[in-house]
Amino acid sequence: MSMKDTNSSLLANQEEAFGFLRGALTWRGSVTSRVAPGLLLSCLYPLALVLIDQYWAPLPHLNVTPFEYTGVVLGLLLVFRVNAGHDRWWEGRRLWGGIVNASRNIMLAALNYGPENPAWRRETVKWTIAYAFACKESLRQSKNFADLETLLSAQEIQELQSAQHMPIFVAAKMAKLFDQAYRRQDLNETVFKELERQRTYLIDHIGGCERILKTPMPLVLAIKARRFILLFLLLLPFSLIEKTGFNSILVFLLVAYPLVALDRIGFELQNPFGNKRLSHLPLSGICATVLTNGLALQESEQGRQG
């Protein structure tokens, strides 16, 4: 089973736990690698201005005071952008926590209060597990179900992959199982309603995830924040050249790095489901938890029957 995103998440948590220095210097999981090329390239701009000012013609020099005030405003704008991205990331994690809990509730109810029919129980657990994986692949716009090859048949995987909406396809399979058992009077009404309620929760939670995925951050906010950063950095060297000379390049880099990095962090957090984003949710690990729980419950049930 592929656990790339799970391992990345665990590694990030371990590096943070090892101490301040290691956390400050770590490269994996940092936006530095993604903003460094652009930052280094942008340093050519203050270098060119210094060379012009020193060896060709003096440039206009600005007072640094206005930049101190505008820097505060820019910082607040970027903090708002990062917080907005974090809210989306955290809501996505809460929704996936709901998927895990509802899946456990369905499997527990099916195995303890469902029909004394091993095939029905096995099918219910199987499709409940498959639901989490279908959600993961749907949110990542992928159809890789290699982790379910021991659980689903090749035909079932093909049907799942060809479905217009994979989570709804699996939810329909679950609904059919519940309805059949209820019509045969193998499920009492209370258990049937509870199973349906938990299945509805599953659909509600994938709907919430899709709301995050398909509703990007307001473009006007991103444009304004980046335009403000650009204007700030374009004018900043004119307030530094007179006093710092060639050191203006270093000061420019030290100021630009946190501004560009915060903007990038806000961007990375907007989509918590994509595995190409930094600090994405470990969906493979979460799905593996559902799979492990389901198989463990099944084995426990078979042990009691044996």
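Scope of this entry: the structure provided in the associated data block. (Residues numbered from 1 in each chain as written. Predicted model: local features only at pLDDT ≥ 70, side-chain atom pairs only at ≥ 80, totals over all residues. Heavy atoms only, no water.)

Things to note about the overall build of the protein chain
For clarity, the cut-off: Every helix listed is a DSSP run of H or I at least four residues long, and every strand listed is a run of E at least two residues long, numbered separately from the N terminus. Computation of the radius of gyration draws on C-alpha atoms alone. For the globule rule, the value is 2.2 Å times the number of residues to the power 0.38. Classification of residues uses two cut-offs on accessible area relative to the type maximum, computed with a 1.4 Å probe and protein chains only: under 20% is buried, over 50% is exposed, and between them is partly exposed. Contacts were defined at the residue level, with two residues in contact if any of their heavy atoms lie within 4.5 Å. We get accessible surface area from the Shrake-Rupley algorithm with a probe of 1.4 Å; when it comes to residues, only the shown protein chains can shield them. Positive residues here are Lys and Arg, negative ones are Asp and Glu, while His and the chain termini are left out of the count. For the purpose of locating charges, the reference atoms are NZ of Lys, CZ of Arg, CG of Asp and CD of Glu.
Along its length, the protein chain carries twelve helices and zero strands. Each helix (α) and strand (β) of the protein chain, taken in turn from the N terminus, gives the series α-α-α-α-α-α-α-α-α-α-α-α. Scaling as 2.2 N^0.38, a compact globule of 306 residues should have a C-alpha radius of gyration of about 19 Å, whereas the protein chain reaches 27 Å, well beyond that. Viewed in the frame of its principal axes, the protein chain has a C-alpha envelope of about 90 × 35 × 30 Å. Out of the 306 residues belonging to the protein chain, those deemed buried represent 42%. Sequence-distant contacts, at least 24 apart, represent 77% of the contacts inside the protein chain between residues at least 6 apart. Carbon and sulfur atoms form 60% of the exposed surface of the protein chain, whose accessible area is close to 16,900 Å². The average position of the 32 basic charges and that of the 26 acidic charges among the side chains of the protein chain differ by 3 Å.

With respect to a nonpolar patch on the surface
Applicable threshold: Patch members must show over 30% relative accessible area and no salt bridge, and they are joined within 9 Å when carrying like charges or within 5 Å when they are nonpolar side chains of Val, Leu, Ile, Met, Phe, Trp or Tyr. Salt bridge, as applied in this entry: a Lys or Arg side-chain nitrogen positioned within 4 Å of an Asp or Glu carboxyl oxygen.
A grouping of Leu62, Leu230, Leu231, Leu234 and Leu235 is seen on the molecular surface, where their side chains present a nonpolar patch of about 430 Å² in accessible area. Following the sequence through the fold, leucine 231 ends up in helix α10 (residues 219-244). By relative accessible area, which is 47% here, leucine 231 ends up partly exposed.

As for the packing of aromatic side chains
The line we're drawing: Between 30 and 60 degrees the pair is tilted, below 30 it is stacked and above 60 it is edge-to-face, where a pair is any two Phe, Tyr or Trp rings, Trp via its six-membered ring, whose centres lie within 6.5 Å. For a ring to carry a charge above it, either NZ of a lysine or CZ of an arginine must fall within 6 Å of the ring centroid while also lying within 35 degrees of the normal to the ring plane.
The final tally for this structure, using the stated rule, is four aromatic pairs. On the basis of an interplanar angle of 75 degrees and a centroid distance of 6.3 Å, the ring pair of tryptophan 127 and phenylalanine 169 is categorised as edge-to-face. Pair noted here: tryptophan 127 is in helix α6 (residues 118-139) and phenylalanine 169 is in helix α8 (residues 166-183), with a separation of 42 residues, a long-range link. Look at tyrosine 182 and phenylalanine 192: their rings are 4.3 Å apart centre to centre, the planes differ by 15 degrees, and that puts the pair in the stacked class. Taken together, the residues tyrosine 182 in helix α8 and phenylalanine 192 in helix α9 (residues 189-214) connect sequence positions ten residues apart. With a relative accessible area of 31%, tyrosine 182 lands in the partly exposed category. The cationic tip of arginine 277 hangs over the ring face of phenylalanine 267; the distance from NZ or CZ to the ring centre is 4.2 Å.

Thoughts on the layout of surface pockets
The line we're drawing: The pocket and cavity definitions rest on a 1 Å grid over protein atoms only: a 1.4 Å probe that fits but cannot leave marks a cavity, an open set with protein on both sides within 12 Å along at least five of seven lines marks a pocket, and residues lining either have an atom within 4 Å of a point. Grid points are joined across faces, edges and corners, and a volume is the space filled by probe spheres set on the points. Throughout, the ten residues Ala, Val, Leu, Ile, Met, Phe, Trp, Tyr, Cys and Pro are labelled nonpolar, Asp, Glu, Lys and Arg are labelled charged, and all others, Gly among them, are labelled polar.
Roughly 290 Å³ of volume is contained in the second largest pocket. Along the wall of the second largest pocket there are 13 residues; nearest its centre are Ser42, Ile229, Leu230, Leu233 and Val260. Secondary structure elements with two or more residues in the lining of the second largest pocket: α3 (32-42), α10 and α11 (248-270). No other element matches α10, which puts five residues into the lining of the second largest pocket. Its residues assigned to classes, the lining of the second largest pocket comprises nine nonpolar, two polar and two charged.

A short note on the state of the cysteines
Basically, it comes down to this: Any cysteine sulfur atom paired with another within 2.5 Å is treated as part of a disulfide.
Throughout the structure, instances matching the rule amount to zero disulfides. Distance from the sulfur of cysteine 209, which forms no disulfide, to the nearest cysteine sulfur (cysteine 135) is 7.1 Å. Residue classification places cysteine 209 among the buried positions, given a relative accessible area of 0%. No disulfide involves cysteine 287; its sulfur sits 7.7 Å from the nearest other cysteine sulfur, which is in cysteine 135. Judged by relative accessible area, which is 0%, cysteine 287 ranks as buried.

Structural notes on α10
Rule in force here: Expected span of a helix, by definition, is 1.5 Å for each gap between consecutive residues, and there is one gap fewer than residues. The quantity called bend is, for any residue, the angle between two axes fitted respectively to the seven residues ending at it and the seven beginning at it.
Between its first and last C-alpha, α10 extends 37 Å over 26 residues, near the 38 Å set by a 1.5 Å rise per residue. At phenylalanine 238, α10 shows its strongest bend, of approximately 25 degrees. Taken residue by residue, α10 has Leu221, Ala222, Ala225, Ile229, Phe232, Leu233, Leu236, Pro237, Phe238, Ser239, Leu240 and Ile241 as its buried positions. Packed against the buried residues of α10 are α4 (44-55), α5 (65-113) and α11. One or two steps after α10, the chain reaches glycine 245, where phi turns positive at roughly 60 degrees.

Digging into the packing of α10 against α11
Stated precisely, the cut-off is as follows: Helix axes use the C-alpha atoms of the stretch in contact, all axes being lines fitted to C-alpha atoms, and the angles between their N-to-C directions lie in the range 0 to 180 degrees. Here the angle decides the label: under 35 degrees means roughly parallel, over 145 means roughly antiparallel, 65 to 115 means roughly perpendicular, and every other value means oblique. Left-handed describes a crossing in which the near helix is turned anticlockwise from the far one by less than a right angle; the clockwise case is right-handed.
Look at α10 against α11: their axes get within 9 Å of each other, and the N-to-C directions meet at 165 degrees. One finds that α10 runs roughly antiparallel with respect to α11. Relative to α11, α10 is oriented so that their crossing is right-handed. Contacts between α10 and α11 involve Arg226, Ile229, Phe232, Leu233, Leu236, Pro237, Leu240, Ile241 and Thr244 from the first element and Ser248, Val251, Phe252, Val255, Ala256, Leu259, Asp263 and Phe267 from the second. Residues of the contact of α10 with α11, tallied by class, amount to 13 nonpolar, two polar and two charged.

All quantities given are derived from atomic positions and should not be read as evidence of function.
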